[in-house]
Amino acid sequence: MTGSDYGYGPPKIHGYTVTITGAAQNEGLRTAEVSRSNITITLHGEGFMQRAMPLIVKIGEHVVVRNYEVTPDQCHLTLHLDGLPEDGTVIQVGYGGQDLVELPERFSRSKAQEGSPAD
């Protein structure tokens, strides 16, 4: 290997999008109860990859270790959740044993958009 540091270091997060499918579409996007729907949060950034250390995503106190997909360009990380996080929730990403990188923007339910069940 060369002296390149490709693949090392924490990922970078620039922003996110939220899509709601399922029951919440009929009840309105801002309802408090969306547990019967599918919430998809896509993080936008760089350096999202599978490594020996697992990629960890924290959304508030909720930790996601496996229920996500990384795009081939490693710039998008898509999470599938059962419930919509609260407004103001902190989103963090990192690898086991390293400090987590925090998205400067807090989660906002107002960013949620309706989506189709088939992705």
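Going by the structure above, here's the rest.
Small disclaimer: the values here were computed from a predicted structure and weren't measured.

With that settled, consider the environment of G15. The topology assignment puts G15 in strand β1 (residues 12-22). Given the relative accessible area of 9%, G15 is considered buried. Residues G15 and H44, spaced 29 residues apart in sequence, show a C-alpha to C-alpha distance of 5.2 Å. Aside from chain neighbours lying at most four places away, what touches G15 is T42, L43, H44 and L103.

Our focus in this paragraph is the sheet that holds strand β4 (residues 62-64). Pairing between the strands of a sheet comes from backbone hydrogen bonds, and it takes one of two forms, parallel or antiparallel. Within the open sheet, the 4 strands sit side by side as β4-β3-β7-β8. Their pairing is antiparallel. Looking at the sheet topology across the chains shown, the edges are occupied by β4 and β8 (101-102). Taken together, the 2 bridges between strand β7 (residues 91-95) and β8 define a ladder with antiparallel strand orientation. Counterpart to V93 in the pairing with β8 is V101.

The rules behind the values
- Residues numbered from 1 in each chain as written.
- Predicted model: local features only at pLDDT ≥ 70, side-chain atom pairs only at ≥ 80, totals over all residues.
- Heavy atoms only, no water.
- Helix = DSSP H or I, 4+ residues; strand = E, 2+ residues; numbered from the N terminus.
- Buried < 20%, exposed > 50% of the residue type's maximum accessible area, 1.4 Å probe, protein only.
- Contact = heavy atoms within 4.5 Å.
- Pairing = 2+ DSSP bridges.

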